Amino acid sequence: MKKTLVSALTTALVVGAASTTFAAANPFSDVPADHWAYDAVSQLAADGVIEGYGDTTFRGNQNITRYEMAQMIAKAMAKSDVSAADKALIDKLAAEFSDELNNLGVRVSNLERNADMVKWNGKAEYTYYSHRNKDKNTKTNDDQLLFRLEPSAEVNSHWHVNARLDASTDLSKDNKDDNEKSSLRHGSDSIQDTDVTLKRVWAQGNYDNFQVKLGKFAQIDSDSIFDTSFSGAEVQFGNKVTFTAGAGRQNMDKDSDFTQKFTVGNEKTANYQYAGLGYADGKFVGGVDYHHLNADSFQYVKKDGTEQGAKQANEDNANIWLAKAAYRFDKTNALNGFYANNTSADELDKAWSAQYSYKGAEAENKGTWGAWAAYRYLGQNTDLFSTFDVILAGQKGWEVGANYAPFKNIVATLRYGNGKDLATDNDIENLFGRVEVFF
């Protein structure tokens, strides 16, 4: 392959997630449009992971050393805000051009190769929240400290093993939360890990237009109604247009991320299958997905028109359809949203969100910041594992927020939500603050 393309794409791996300049049809004039790498590089550029020089080229006309390449790949892989799809593209590019790097005179000693096979990333995180029911005059406050490690080990040019380990503590008592005795917990809706927990562990294989995952990992729609992990297998086919399918078992007990206002009966683990079609091209990303869960008596919330607000209806299945889309107008303005419906539930069976975002804090770039405004309607019979912090499952309302990077690898986030409880129509007001220190 041409040396220009090699240098072009490897240089692209290290550029930060700063502003992205979108040109016309081909934003990188020295990357051949008839090679699959063009689509990969264009997608990473659209997502703000890489960018070219001011003239939209990579100026790939000089050799690079093994050390320089290792540093480039390490910096790209160390980005904490890269999506799973972008991470797969970066891994795929690195694997594709490994032979070309050797042809350029890159020499890797056994010691250096072994040292590069395992990488560790992580963060320390402080979170404060306040959940308030204004009509009932009730309030839950909590502050939590979390420590997370995320190792990644290279098996060969196609396979990696990844994991996530979490540990957290309740700062008000400086000890663990007792999840079984709600009266002893600092916050009545506070669920925290009581020790170091292996949240995720999976093997991932990346091939041309094909990816497979085996183990415990995040499923599709983890950015909306399934912010958790499940145990099973997933396959993905395609590049610009993708088909994804997964199957396994989903933990839905008290120690899971399962929405607390929505419970199951005797069976605490559900059989789980999902499938989805995705499309990504330049500024637009979208998809349509389907999730099916089967457990012994889901207890769906139903309105009953009284001050108590809700009763339960038993059902063995959850069948959820979801459509989502995101569009980036330029380097500062973007819209995203989703709509989901659980056809097995009679009430509170819809969840949707629409959000406008301006810029965004980047951990690696001191002084960067962002802000957003959103409206969310999160029926708890559909929003089973909600990812949202101030409009919660079972609520609707407005959210505003901002984040800022005061120092490199430190990001502070504030959110405010105001709306209604869907079952009782009570007014709610929620606050959320977080400081993350990445390493």
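Rules used in this analysis
- Residues numbered from 1 in each chain as written.
- Predicted model: local features only at pLDDT ≥ 70, side-chain atom pairs only at ≥ 80, totals over all residues.
- Heavy atoms only, no water.
- Buried < 20%, exposed > 50% of the residue type's maximum accessible area, 1.4 Å probe, protein only.
- Helix = DSSP H or I, 4+ residues; strand = E, 2+ residues; numbered from the N terminus.
- Pairing = 2+ DSSP bridges.
- Salt bridge = Lys/Arg side-chain N within 4 Å of Asp/Glu carboxyl O.
- Phe/Tyr/Trp six-rings, centres within 6.5 Å; stacked < 30°, edge-to-face > 60°.
- Patch = residues over 30% accessible without salt bridge, like charges linked within 9 Å, V, L, I, M, F, W, Y side chains within 5 Å.
- Areas by Shrake-Rupley, 256 points an atom, 1.4 Å probe, with all protein chains shown as cover.
- pLDDT = per-residue confidence, 0-100.
- Contact = heavy atoms within 4.5 Å.

*Asks:* Can you walk me through the pairing of strand β14 (residues 369-378) in this structure?
*Replies:* The side chains of a regular strand alternate, residue by residue, between the two faces of the sheet. Burial along β14 is one-sided: the face carrying Gly 370, Trp 372, Ala 374, Arg 376 and Leu 378 is buried and the face carrying Trp 369, Ala 371, Ala 373, Tyr 375 and Tyr 377 is not. Of the pairings in the sheet, the one linking strand β13 (residues 350-359) to β14 comprises nine bridges and is antiparallel in character. Its bridge partner lying in β14, Ser 353 is registered against Arg 376. Two strands pair when backbone bridges link them, and β14 and strand β15 (residues 395-407) are joined in this way by ten bridges, in the antiparallel orientation. Following the sheet pairing, Trp 372 is matched in β15 by Gly 401.

*Asks:* Is there a simple way to think about the pattern of salt bridges in this case?
*Replies:* One side chain can pair with another of opposite charge once the charged atoms of both are near each other. Tallying each qualifying case throughout the model produces 14 salt bridges. Two residues, Arg 164 and Glu 150, come together in a salt bridge whose shortest N-O distance is 2.8 Å. Of the two residues, Arg 164 sits in strand β3 (residues 159-170) while Glu 150 sits in strand β2 (residues 138-154), which places them 14 residues apart along the sequence. On the accessibility criterion, Arg 164 (16% relative accessible area) is buried. When the shortest N-O distance is used, the salt bridge between Glu 399 and Arg 376 registers 2.9 Å. With Glu 399 in strand β15 and Arg 376 in strand β14, this residue pair connects regions lying 23 residues apart in the sequence. As far as burial versus exposure is concerned, Glu 399 and Arg 376 are alike and both buried. Beyond isolated ion pairs, a larger network of salt bridges with shared partners links Lys 123, Glu 125, Arg 434 and Glu 436.

*Asks:* Even after reading the chapter, I still don't get the packing of aromatic side chains, so can you show me in this structure?
*Replies:* The way to describe two aromatic rings as a pair is by their centre distance and the angle between their planes. In this structure the tally under the stated criterion is 16 aromatic pairs. Relative to Phe 439, the ring of Phe 147 lies with its centre 5.9 Å away and its plane at 20 degrees, an arrangement referred to as stacked. Residue Phe 147 is found in strand β2, and its partner Phe 439 is found in the segment after β17 (427-438); the two are separated by 292 residues along the sequence. Classification of Phe 147 as partly exposed rests on a relative accessible area of 42%. Given the relative accessible area of 47%, Phe 439 is considered partly exposed.

*Asks:* How should a nonpolar patch on the surface be read in this particular structure?
*Replies:* A cluster of nonpolar side chains, contributed by Val 241, Tyr 279, Phe 284, Tyr 327, Phe 329, Leu 335 and Tyr 356, occupies part of the molecular surface with about 620 Å² of accessible area. Along the chain, Tyr 327 falls in strand β11 (residues 310-328). Using a relative accessible area of 35% as the deciding quantity, one classes Tyr 327 as partly exposed.

*Asks:* Honestly, the environment of Asp 166 in this entry has me stumped. Any pointers?
*Replies:* One can find Asp 166 in strand β3. A sequence separation of 30 residues divides Asp 166 from Val 196, and the C-alpha atoms of the two residues are 5.6 Å apart.

*Asks:* Mind showing me how you'd approach the confidence of the model for the protein here?
*Replies:* Interpretation of this model should avoid reading the predicted coordinates in detail wherever pLDDT is low. Looking at the protein as a whole, the pLDDT averages 76, with 65% of positions reaching at least 70. Averaged pLDDT values over the elements of the protein bottom out at 44 in helix α1 (residues 3-12) and peak at 97 in β14. Across residues 100-113 the pLDDT falls below 50, and counting only partners more than four positions away or on other chains, this stretch makes 18 contacts in the model. Long-range and interchain partners of residues 258-262, a stretch whose pLDDT sits below 50, account for 24 contacts in this model, where long-range means more than four residues apart.

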